[in-house]
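So you can see what is in the structure, the chains are spelled out below.
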Amino acid sequence: MSRGTAFVLGATGQMGRPAVRALALDGWDVRAASRGGGRDDSWPEDVRAVRVDRDEEGALSAALGDGCDMLVDMVAFGRDHARQLITLADRIGSAVVISSGAVYADDRGRGFDTQDVPDGFPRYPVPILESQPTVAPEDTTYSTRKAALEQELLASRLPTTLLRAGAVHGPHCRTPRELFFVKRALDGRKVRVLAFGGKSRFHPVHVSNVAEMIRLAALRPGSRVLNSGDPTAPSVAGIAAAIDRIMGLETETVLVDGPAPVGDVGMSPWAIEHPMVFDMSAAERELGYRAVTGYEESLPATVDWLVEELRGREWTDAFAKMAQRDGDLFKYAEEDAWLAQRK
């Protein structure tokens, strides 16, 4: 017996692929929508791929047709996308929308991407509850636009579960943080420098855990925000060591107290001064959520995928979005010069 119809926006992205599969296997009739209209090999045959560009006038409305019992939005961003869903609320039974833990503000109002603050990184309580204040909803940064998305949807009549995802990981990511250590290993780097004593903790969430939360939220419609994270949040030093073990390497680690001693030495996509760790008890209580995998348990498949993606091409081609956003992540000359002057 079918659970109903599910419409997934962003179906061929990193989180969309496992979400479509999880919903289909759980008995939903799934329409998998993406700009390219493609399919994933893991999907059951009865999943229907739909080509749609949500930013094209009237395209999403046309693709929805008579509507759906449940809509999952992997790529919603800002007020406009929230209002787009709200205008279609009479054809959507309920929604699950991906937000971000980046919306959280610390007790001084500093957010994850607050710029030009004199006293450094935000300091969050550990662990972070969903009741923690968020940044002001605006149209200026990633976090403020996600906050605006949340505000609009929570004030609407569309029952929406907002998932505040941590550092999403797994295959098919366009900006994989694990790339930093995998590429260094492939490049034969024997030493790594880690700022903040290697203690940075930025709560990860594997794509299969996000998919499980989506599956459970689909069965329990409501208006709520929930953290989305793995069972544990390993330190950056622990992540680097785990990747070494998978790749059969040994790397010397040099720890730096505090931020980069010069330039970007010691910094990585995981580097934050104070831990960002989620409390997952609300998801467990409200959805009956239990993680389907842990960070280290899922890591080998991610590493294998990264190695294959890098085979025979530059990382800037394989992960163009990350290169555009983060610039040169591999400033080896700068690192070598700093290491040399330490001796």
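Scroll up to find the structure.
Here we summarise the structure given alongside this text. Being a predicted model, the structure only gives us computed values, none of them experimental. (Residues numbered from 1 in each chain as written. Predicted model: local features only at pLDDT ≥ 70, side-chain atom pairs only at ≥ 80, totals over all residues. Heavy atoms only, no water.)

## Focus: the nonpolar core
Judged by nonpolar contacts, the single largest core of 70 residues is most densely connected at Leu23, Val30, Phe181 and Ile214. Top element by residues in this core is helix H6 (residues 207–219). It accounts for eight residues. Not counting residues up to four positions away in its chain, the partners in contact with phenylalanine 181 are Arg192, Leu194, Val236, Ile239, Ala240, Ile243 and Trp270. In terms of nonpolar packing, the next biggest core, distinct from the first, is built from 24 residues, Cys68, Ala95, Leu149 and Leu153 among them. (Core = buried A, V, L, I, M, F, W, Y, C linked by side-chain atoms within 4.5 Å. Buried < 20%, exposed > 50% of the residue type's maximum accessible area, 1.4 Å probe, protein only. Helix = DSSP H or I, 4+ residues; strand = E, 2+ residues; numbered from the N terminus. Contact = heavy atoms within 4.5 Å.)

## Describing empty space enclosed by the protein
Taken as a whole and assessed by the stated rule, the structure comprises two cavities of 30 Å³ or more. The calculated volume of the largest cavity comes to roughly 60 Å³. For the lining of the largest cavity, the secondary-structure elements that each account for two or more residues are helix H5 (179–186) and helix H7 (236–247). Looking at which element gives the most residues to the lining of the largest cavity, the answer is H5, with three residues. Considered class by class, the residues forming the lining of the largest cavity number three nonpolar, one polar and four charged. The volume enclosed by the second largest cavity comes to roughly 40 Å³. Around the second largest cavity, the lining residues are Phe112, Phe121, Pro122, Tyr124, Ile272, His274 and Met276. Tallied by class, residues from the lining of the second largest cavity come to six nonpolar, one polar and no charged. (1 Å grid on protein atoms, 1.4 Å probe; cavity = no way out; pocket = protein on both sides within 12 Å on 5 of 7 lines; lining within 4 Å. Points joined across faces, edges and corners; volume = space filled by probe spheres on them. Nonpolar A, V, L, I, M, F, W, Y, C, P; charged D, E, K, R; others polar.)

## Focus: the packing of helix H3 (residues 78–87) against helix H4 (residues 142–154)
Axes are the key here: two packed helices are described by the angle between their axes and the distance separating the axes. The contact between H3 and H4 brings their axes to 7 Å, and the two run at 25°. It follows from the interaxial angle that H3 and H4 lie roughly parallel. Where H3 crosses over H4, the handedness of that crossing is right-handed. In this structure, H3 contributes Gly78, Arg79, Ala82, Arg83, Leu85 and Ile86 to the contact, and H4 contributes Arg145, Ala148, Leu149, Gln151, Glu152 and Leu153. Its residues assigned to classes, the contact of H3 with H4 shows six nonpolar, two polar and four charged. (Axes fitted to C-alpha atoms, helices over the stretch in contact; angles between N-to-C directions. Parallel < 35°, antiparallel > 145°, perpendicular 65-115°, else oblique. Left-handed = near helix turned anticlockwise from the far one by under 90°.)

## Concerning the side chain of glutamate 152
Mapped onto the fold, glutamate 152 is located in helix H4. Given a relative accessible area of 17%, glutamate 152 falls into the buried group.

## Points about the side chain of histidine 206
Structurally, the position occupied by histidine 206 is in strand E9 (residues 204–206). With residues near it in sequence (within four places) discarded, histidine 206 still touches His169, Gly170, Pro171, Asp230, Thr293 and Ser298.

The analysis is restricted to geometry; functional conclusions fall outside its scope.
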